[in-house]
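Here are the chains, one letter per residue:
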Amino acid sequence: MNLALVLVVTVIVLALVFDYTNGFHDAANAIATSVSTRALTPRAALLMAAVMNVIGALLGTEVAKTIGDGIIDVKHFTADADPMMQVHGLAIILAALVGAIVWNMITWWYGLPSSSSHALIGGLVGAGLASATQVHWNGIFWKVVVPMVASPLIGFLLAYFVMVLVLWLVRNLPYHKTNKRFRVLQTISAAAMALGHGLQDAQKTMGVIVMALIAGGYGHHHQVFDASGEIVVPLWVKIAAALAISAGTYAGGWRIMRTLGRKVIELDPARGFVAEGVASGVLYTAAYVFHAPVSTTHTITAGIMGVGATRRLSAVRWGVAGNIAMAWVLTIPASAAVAAGLYWILANTLAV
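For clarity, every value in this text was computed on a predicted model and none was experimentally measured.

Thresholds, definitions, all that
Residues numbered from 1 in each chain as written. Predicted model: local features only at pLDDT ≥ 70, side-chain atom pairs only at ≥ 80, totals over all residues. Heavy atoms only, no water. Helix = DSSP H or I, 4+ residues; strand = E, 2+ residues; numbered from the N terminus. Expected span 1.5 Å × (residues − 1). Bend = angle between axes of the 7 residues up to and from the residue. Buried < 20%, exposed > 50% of the residue type's maximum accessible area, 1.4 Å probe, protein only. Phe/Tyr/Trp six-rings, centres within 6.5 Å; stacked < 30°, edge-to-face > 60°. Core = buried A, V, L, I, M, F, W, Y, C linked by side-chain atoms within 4.5 Å. Contact = heavy atoms within 4.5 Å. Salt bridge = Lys/Arg side-chain N within 4 Å of Asp/Glu carboxyl O.

### Focus on helix 7 (residues 175–215)
Between its first and last C-alpha atoms helix 7 spans 59 Å; for 41 residues at 1.5 Å apiece the expected length is 60 Å, and the two agree. Most pronounced at leucine 185, the bend in helix 7 amounts to some 25 degrees. With respect to burial, helix 7 is a largely interior element, 30 of its 41 residues being buried.

Structure representation (C-alpha cells):
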C-alpha cells in the first residue's frame, strides 16, 4: 500500500483521537460551573454540551483555515512532488498531533485545565522547527500569541465588571428566588459556552485533517480548495470532527471539572452565569471577527476568577490558579518538545 496513503489515514484517525481527548479534556469548560452550582445534573450537562458541540462545530470554518494554513506551510507537499516529500509533510503533522495528545493526557491526569488548542499549535510549531519547515511567525504572533494573552485578560476584566453590575441590579431582590432564576439562566449560558467550544475547538481538528489531505496530495480530490485557491473544509471533515469532539465531551472530564467547578472558587448560580456568558462572548468574537483559535480553557478560567474576585481577592484560591497558569505557560513549549522529538524519530525511521 502507498506509504503516503497509510500516513494520511493514520493522521486523520489521530486527529479524531485528539478531537476526542479535546472533548473530555475540555468538557469542564462548558459545564463545570453549571454542575458545581447544581443548575444541571452532570449527565444532563454533558448531554447538552455534546449536542451543542456538534452544532457549534458546523457553524464556521475560519478557525480551521487559520490552523490549516496559518501556522506552518505544507502547500509544497503536493501530489506533483516527490512521494517522499508527501511522507515528510505527513510525518510533521503526525508528530504535531502526538505532541498535543501526550500533553492533553498529562494535564488531564493531574486535573489541570490546560489548552488543547495551544497544545496542538505547540505541536505544529515544534514539528515544523525540527523539520526546517516554514513557520508563519507573523500569523502565530497575531492569531495565537496576542489572543492567548488578551482573551483571559479580557475575560477576567469583563467578568469582574459585569458581575459588579449584576450584583448592583439584584441587590434588593430576595436571595433564594434570585438564585433559582440564575440556575435557569445558567442552562442557557452553559449551552452558549458549549456552542463556543464546538465552534472553536472542533475547527482546529478540521484544520489538521485538511493539512493532511493537502500534504498527502489528496487536496484536489477532496475539493479542499475553491476556484480562487482558498481552503474549503469538506462536509465529511466537519461532521467527523463534530462527532468526535461531541463523543469526547459526553465521556466527561471529571478531574478537570472538579478543579474548575470547586477548587478555584466556590461558585453560586449568578457568578456561574456571568462567567459562562462572558467567556462564550469572547469565543464567538474571536472566531467570527478575528478568526483566531483562542483557548476555551483560558477564557472560562479567567471568567471564573473574575467573578470570584468581586467577593474579595482572597476568595480566589490563587495557589490553584498559579498551578493552572503554570500549565498554560508550559503547554506550547512542552507539546512542541514532544512533537520535535517524535519527528526526529519518524524522520530517521522513514528516511525523510
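Here the narrative resumes.
### Structural notes on the packing of aromatic side chains
A full pass over the atoms with the stated rule returns three aromatic pairs. Aromatic pair phenylalanine 141 and tryptophan 142: ring centres 5.0 Å apart, planes at 85 degrees, arrangement edge-to-face. A relative accessible area of 55% means that tryptophan 142 is categorised as exposed. Aromatic side chains tyrosine 160 and phenylalanine 161 sit 5.2 Å apart centroid to centroid with 90 degrees between the ring planes, which places their arrangement in the edge-to-face category.

### Examining the nonpolar core
Residues Ile71, Ile72, Leu90, Leu120, Leu124 and Met206 are the most contacted members of the largest nonpolar core, which totals 55 residues. Contributions of two or more residues to this core are made by helix 1 (3–36), helix 3 (62–70), helix 4 (83–109), helix 5 (116–130), helix 6 (137–169), helix 7, helix 8 (235–251) and helix 12 (318–350). Per element, the largest residue contribution to this core is 12 residues, and it comes from helix 4. Residue contacts for leucine 120: discarding those within four places in its chain leaves Phe18, Ile67, Leu97, Ala100, Lys204 and Val208. Judged by nonpolar contacts, the second largest core, of 18 residues, contains Ala270, Ala275, Ala279 and Ile300.

### Thoughts on the environment of alanine 159
When you line up the elements, alanine 159 lands in helix 6. Given a relative accessible area of 0%, alanine 159 falls into the buried group. Note: C-alpha distance between alanine 159 and alanine 275 (116 residues apart in sequence) is 5.8 Å. For alanine 159, the residues in contact, after removing those within four places along its chain, are Val274, Val278, Gly303, Gly306 and Val307.

### As for the pattern of salt bridges
Applying the stated rule across the entire model yields four salt bridges. In this structure, glutamate 62 engages lysine 65 in a salt bridge whose closest nitrogen and oxygen atoms are separated by 3.6 Å. Here lysine 65 and glutamate 62 lie together in helix 3, a separation of three residues that amounts to about one turn. The exposure class assigned to lysine 65 is partly exposed, which follows from its relative accessible area of 25%. Residue aspartate 201 is joined to lysine 204 by a salt bridge in which the shortest nitrogen-to-oxygen separation is 3.3 Å. In this pair, aspartate 201 and lysine 204 both sit in helix 7, three residues apart, roughly one turn of the helix.

### Here's the deal with the environment of glycine 306
Following the sequence through the fold, glycine 306 ends up in helix 11 (residues 296–308). For glycine 306 and valine 162, which are 144 residues apart along the polypeptide, the C-alpha to C-alpha distance reads 9.3 Å. Excluding residues that lie within four positions of it along the chain, glycine 306 makes contacts with Phe156, Ala159 and Tyr160.

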